[in-house]
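Structural overview for review
Spelled out from the first residue to the last, the chains are:
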Amino acid sequence: MRSYDLVVVPVGSWQDVRELEQMASEAASAPGILVALPAEFYGADDSVRVHDPDEGVEVAVKRRDLWPGVIVGMRTGRSVFIPGDTAHKSLHDMVQWMQISQERPDVKQDKFSIQWRIMVQNAAARDGNVRRRILHLSDLHFGREDVSKRQSYLVAALSGELERADEVVITGDLFDQPWKRHAREYKTFANTLRTICRRPPIWVPGNHDQRLFGNNIFARGRLLRELAGLHFQAFADNPRARMAFFCFDSCRSGILARGKVDDDQLYEMAMEYEHADNEGRLDGYLKVALVHHHPYEPDASPGVETLIDPRTWIGREEFVGFDGREEFRNWCAARGIGLILHGHLHTPRLIEDSIPVDTGRGTDERRLMTVGCGSSLGIRQTPMFFDIIEWSPESQSWTVEFFKDQRGGGFLPLVVEATPRISEHHPTRGRHHH
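To start, this report covers the structure provided alongside it. (Residues numbered from 1 in each chain as written. Predicted model: local features only at pLDDT ≥ 70, side-chain atom pairs only at ≥ 80, totals over all residues. Heavy atoms only, no water.)

1. Some words on the overall build of the protein chain
Secondary structure assignment for the protein chain yields 11 helices and 22 strands. Within the protein chain, buried positions represent 56% of all 434 residues. (Helix = DSSP H or I, 4+ residues; strand = E, 2+ residues; numbered from the N terminus. Buried < 20%, exposed > 50% of the residue type's maximum accessible area, 1.4 Å probe, protein only.)

In structure tokens, the structure reads:
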């Protein structure tokens, strides 16, 4: 492929095939351009998942609302996504330039630099669709010597993300033991996040935050003294970003390191939902459930994917699992929650599922995506991870991007996935409104 100056990849769904073929034909008419056609196009209801995306591919996946378009890559490895409204003009300019450069090799490099800047400018000519951002961290385990020394590096690496984030969420295990010294380290970290992001992080407790060594043995009870000073909120929302967060404590009950969201907590959260959704206030919001324990078993079940597993969990589920996980997923689906964020496994996971919900008029299939974040401070020398969720209130769609640290060499994107437009489900007064 390095024998070509440019590689063009049309991007779109089945509905865009005719326009994509026109783009491909136009690009293929010029020398020096390789056109790579996808083996298949996505349907309107399909999610899009890409591993190890470069810049152009990343933008193409995230900005599905701008399809159809083209990804244009240079032999240097740089790439850019150009949406359909400007792709035709960019392709026309590229074809003309490539034809001229064949006749005038002496001006090829200067022309190439100019043409690339034109493409980047055209790619930037996107619509005004504002996208909101959630920074997802988990399993910090402050108090451990091996993770506390990485705090400064994590804050420095995330400074740009924190400035752009509308919300920061942390899905449990804030500290390693429910002791004052460990809690103090976390509070310092949380205050730093708040200073940069200008909003306090939204968090849920983990088993290590309220159980000695993360385990509840012989029902010895919970140690809540250090958690009490952190002001846990069961519900939080951001009207500006049109996002709502339902925060569950999956460590109220359960032995060893296991968790559970029992019926009492589900009813309590139902009351929070009804109060928050007064007269449909949450219509059009991205509804997110935060929980520490993993709502799906860590195995090779259909639709369940572990993105990277730095250690084996085979045989350990009986000690660390989530009791009543199916009931929890069903509750989220029935309430119109489309996204669950969790931690606990110290490994990033991405699960897409469809949950049947009885609407009283039949069964409705609700899309549910579950995102697990790895340990953001790299407990036990595992890699450090964080996730970014971008949400578009206008198109009612979101993308999830996973980042992994290269042992101090910076965080690189691991996977990016985009959902299609979600439908609005507004459960209230015993009915579902669409």
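2. Some remarks on the sheet that holds strand 2 (residues 33-35)
One open sheet holds the 4 strands; their spatial order is 2-1-4-5, and the pairing between them is mixed. Because the sheet does not close on itself, it has two edges, and the strands there are strand 2 and strand 5 (79-83). In this sheet, adjacent strand axes meet at a mean angle of 25° when their direction is disregarded. Two strands pair when backbone bridges link them, and strand 1 (residues 6-11) and strand 2 are joined in this way by 3 bridges, in the parallel orientation. By the bridge assignment, Leu6 is partnered in strand 2 with Ile33. On the sheet, helix 2 (residues 55-62) packs against strand 4 (69-74) and strand 5 and is oriented at approximately 30° with respect to strand 5. (Pairing = 2+ DSSP bridges. Axes fitted to C-alpha atoms, helices over the stretch in contact; angles between N-to-C directions. Contact = heavy atoms within 4.5 Å.)

3. Observations concerning the pattern of salt bridges
In this structure the tally under the stated criterion is 20 salt bridges. Between Arg133 and Glu390 there is a salt bridge whose closest N-O contact spans 2.4 Å. Within this pair, whereas Arg133 is found in strand 6 (residues 132-137), its partner Glu390 is found in strand 18 (residues 385-392), the two being separated by 257 residues in sequence. Take Arg133: its relative accessible area is 12%, and that puts it in the buried class. In this structure, Glu297 and Arg325 form a salt bridge, with 3.7 Å as the shortest nitrogen-oxygen distance. Here the residue Glu297 occupies a position in the loop between strand 12 (286-290) and strand 13 (304-306), and Arg325 occupies one in helix 11 (residues 325-334), the gap between them amounting to 28 residues. (Salt bridge = Lys/Arg side-chain N within 4 Å of Asp/Glu carboxyl O.)

4. A look at helix 11
Of the residues making up helix 11, those classed as buried are Arg325, Phe328, Arg329, Trp331, Cys332 and Ala333. Backbone geometry just after helix 11 places Gly336 at a positive phi near 80°.

5. What to know about the layout of surface pockets
Within this model, the largest pocket holds a volume of roughly 430 Å³. If you trace the largest pocket, you find 19 residues lining it, with Pro200, Pro201, Trp203, Leu230 and His231 closest to the centre. Only helix 7 (180-197), strand 8 (202-204) and strand 9 (235-238) provide two or more residues apiece to the lining of the largest pocket. Of the residues belonging to the lining of the largest pocket, the class tally is 10 nonpolar, 4 polar and 5 charged. (1 Å grid on protein atoms, 1.4 Å probe; cavity = no way out; pocket = protein on both sides within 12 Å on 5 of 7 lines; lining within 4 Å. Points joined across faces, edges and corners; volume = space filled by probe spheres on them. Nonpolar A, V, L, I, M, F, W, Y, C, P; charged D, E, K, R; others polar.)

6. Re the pairing of strand 12
Judged by how many residues are buried, strand 12 sits mostly within the fold: 5 of 5 residues are covered. Every second residue of strand 12 is oriented toward a common face, with Leu286, Val288 and Leu290 on one face and Lys287 and Ala289 on the other, all of them buried. With 5 bridges joining them, strand 10 (residues 243-247) and strand 12 adopt parallel strand pairing. Paired with Cys247 across the two strands is Leu290, which belongs to strand 12. Summarising the sheet, strand 12 and strand 15 (residues 339-342) pair through 3 bridges and their orientation is parallel. Paired with Val288 across the bridge in strand 15 is Leu339.

7. Side note on the nonpolar core
Counting residues in hydrophobic clusters, the biggest one holds 31 residues, and the most contacted among them are Leu135, Leu137, Tyr186 and Phe189. When contributions to this core are tallied by element, the ones reaching two or more residues are strand 6, helix 6 (151-164), strand 7 (167-171), helix 7 and strand 18. Sort the elements by how many residues they give to this core and helix 7 lands first, with 7 residues. Apart from residues lying up to four places away in sequence, Leu137 is in contact with Leu158, Val168, Val169, Ile170, Thr171, Phe189, Leu193, Cys373, Ser376 and Phe386. In this structure, Cys332, Ile337, Ile340 and Leu368 belong to the second largest nonpolar core, which totals 26 residues. (Core = buried A, V, L, I, M, F, W, Y, C linked by side-chain atoms within 4.5 Å.)

8. Points about the packing of aromatic side chains
Inspection of every chain in the model, using the stated rule, returns 12 aromatic pairs. Ring plane angle 85° and centroid distance 5.7 Å describe the contact between Phe248 and Trp331, whose orientation is recorded as edge-to-face. Residue Phe248 is located in the loop between strand 10 and strand 11 (259-260), and its partner Trp331 is located in helix 11; the two are separated by 83 residues in the primary sequence. The pair formed by Phe248 and Trp331 is uniform in burial state, with each residue classed as buried. What links up through ring pairs into an aromatic cluster is the set Phe142, Phe175, Tyr186 and Phe189. Directly above the aromatic system of Tyr273 lies the positively charged group of Arg335, at a separation of 4.9 Å from the ring centroid. (Phe/Tyr/Trp six-rings, centres within 6.5 Å; stacked < 30°, edge-to-face > 60°. Lys NZ or Arg CZ within 6 Å of the ring centre and 35° of its normal.)

9. Focus on the side chain of Thr359
Note that Thr359 resides in the loop between strand 16 (349-358) and strand 17 (363-372). Residue classification places Thr359 among the buried positions, given a relative accessible area of 12%. Separated by 3.3 Å, the side chain of Thr359 and the backbone nitrogen of Arg361 make a polar contact. (Polar contact = N/O pair within 3.5 Å; in protein donor to acceptor, adjacent residues only side chain to side chain.)

10. Focus on the sheet that holds strand 8
Taken in spatial order, the 7 strands make up an open sheet running 3-20-19-18-6-7-8, and their pairing is mixed. Unpaired on one side and paired on the other, strand 3 (48-51) and strand 8 mark the two borders of the sheet. On average, each strand axis in the sheet is tilted by 20° relative to the strand beside it, whichever way the strands run. Taken together, the 4 bridges between strand 6 and strand 7 define a ladder with parallel strand orientation. Residue pairing in the sheet places Leu135 in a bridge with Val168 of strand 7. Lying over the sheet, helix 2 contacts strand 3, strand 18, strand 19 (397-405) and strand 20 (411-418), oriented at roughly 35° with respect to strand 20. Helix 6 contacts strand 6, strand 7, strand 18, strand 19 and strand 20 of the sheet and is inclined by roughly 155° relative to strand 6.

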